[in-house]
Amino acid sequence: GITSKIKTIKRRVFMKKIFSLTILGLLIILIAGLSGCADQSEIEIDSTIEEDELISDELVEEEIDGLSKEAQNYFEEGLHLHEKRLYDEAIIKFEKVLDLDPDYKEARDKLVNSWIDKGNALGDDEKFFESIEAYEEAIKIDPNQARSWTNKGWALLRLGNYSEAISSFDKAIEVDPNYIFAWNNKGWTLTNLGRYSEALESFDSAIEIDPNQGVIWYNKSIALRRLQRFEEAQEALERARELGYSE
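Residues numbered from 1 in each chain as written. Predicted model: local features only at pLDDT ≥ 70, side-chain atom pairs only at ≥ 80, totals over all residues. Heavy atoms only, no water.

## Side note on the overall build of the protein chain
Now for step 1: Secondary structure summary: the protein chain contains twelve helices and zero strands in total.
Now for step 2: Reading the protein chain from its N end, one meets helices and strands in the order α-α-α-α-α-α-α-α-α-α-α-α.
Now for step 3: Within the protein chain, buried positions represent 36% of all 247 residues.
Now for step 4: The contacts of the protein chain with a sequence gap of at least 6 include a subset with a gap of at least 24, amounting to 51%.
Now for step 5: Total accessible area on the protein chain stands at roughly 14800 Å², and carbon and sulfur atoms take up 49% of it. (Helix = DSSP H or I, 4+ residues; strand = E, 2+ residues; numbered from the N terminus. Buried < 20%, exposed > 50% of the residue type's maximum accessible area, 1.4 Å probe, protein only. Contact = heavy atoms within 4.5 Å. Areas by Shrake-Rupley, 256 points an atom, 1.4 Å probe, with all protein chains shown as cover.)

Below you can see the structure in the form of structure tokens.
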């Protein structure tokens, strides 16, 4: 990171200073010898100088800023491209940032988000196989993003790959047990499989985390209706409507 870069630069500047002082000392000795003055006190070189005293803070800042500025330029270009939904171009820019500074966490996060948003855009066009590939790229970079696993699961659900979808939602929940969309989508997948009691458990888990999501109450009402628990289903449906959900 930045600390290691500063140490490297300081070491390089330190060695340059030592070399310069050595040459200067030799020249003084030579001149003193030629002039007949060999008084050691007049030509003594301070060998106890501290390393930090030899470092030019201005030089260090100049070199660090040179790298940071280049990385920052790529980063800002990536943000601009992402806002314009030019995800492929944004991904290239964020990758360039990480080539310059692999520890730049914000650039890594933006790169992951670009892959996810690219997957979402492909999913909107019903290109689910391609969207899954985009989510998998995001997962390679950061496997601890619940959003990547959840969106991959949704694409698998749309393709009818229910078992794989549930596995993806479970992975999202493992990464972040409070990610309600993973719980909701798992519940909806289980509903499609006719596993209504398990679906109800997933919806309840989501509601326990955030009771103000109308769509989850609506999905719960469907699972309750399939279980022929009609009174509870109606209550869940009314709660969904109270929260602004419309069928």
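## A few points about the pattern of salt bridges
Now for step 1: The full count for this structure, using the stated rule, is twelve salt bridges.
Now for step 2: Between K105 and D109 there is a salt bridge, with the nearest N and O atoms lying 2.8 Å from each other. Here the residue K105 and the residue D109 both occupy positions in helix α5 (residues 105–124), the gap between them amounting to four residues, near one helical turn.
Now for step 3: Judged by relative accessible area, which is 25%, D109 ranks as partly exposed.
Now for step 4: A salt bridge links K220 to D204, with the nearest nitrogen and oxygen atoms 2.8 Å apart. Taken together, the residues span a long stretch of sequence, with K220 in helix α11 (residues 214–226) and D204 in helix α10 (residues 196–209) at a distance of 16 residues. (Salt bridge = Lys/Arg side-chain N within 4 Å of Asp/Glu carboxyl O.)

## Here we look at the packing of aromatic side chains
Now for step 1: Counted by the stated rule, this structure contains four aromatic pairs.
Now for step 2: Through a chain of ring-to-ring contacts, the aromatic side chains of F75, F94 and Y104 assemble into a single cluster. (Phe/Tyr/Trp six-rings, centres within 6.5 Å; stacked < 30°, edge-to-face > 60°.)

## Observations regarding unusual backbone geometry
Now for step 1: Positive phi outside glycine occurs at E126, with the angle close to 60 degrees.
Now for step 2: Counting through the fold element by element, E126 comes out in the loop between α5 and α6 (128–141).
Now for step 3: The backbone of Q228 sits at a positive phi, close to 60 degrees, despite the residue not being glycine.

## Let's talk about the side chain of D142
Now for step 1: Note that D142 resides in the loop between α6 and α7 (146–158).
Now for step 2: A distance of 3.0 Å separates a polar atom in the side chain of D142 from the backbone nitrogen of N144. (Polar contact = N/O pair within 3.5 Å; in protein donor to acceptor, adjacent residues only side chain to side chain.)

## Considerations on the side chain of S168
Now for step 1: With respect to the element layout, S168 can be found in helix α8 (residues 162–175).
Now for step 2: Residue classification places S168 among the buried positions, given a relative accessible area of 4%.
Now for step 3: At 2.6 Å, the side chain of S168 forms a polar contact with the backbone oxygen of W149.
Now for step 4: Once residues lying within four places of it in the same chain are set aside, the contact partners of S168 are W149, K152, G153 and L156.

Everything listed here is a matter of coordinates, which is why it stays silent on function.
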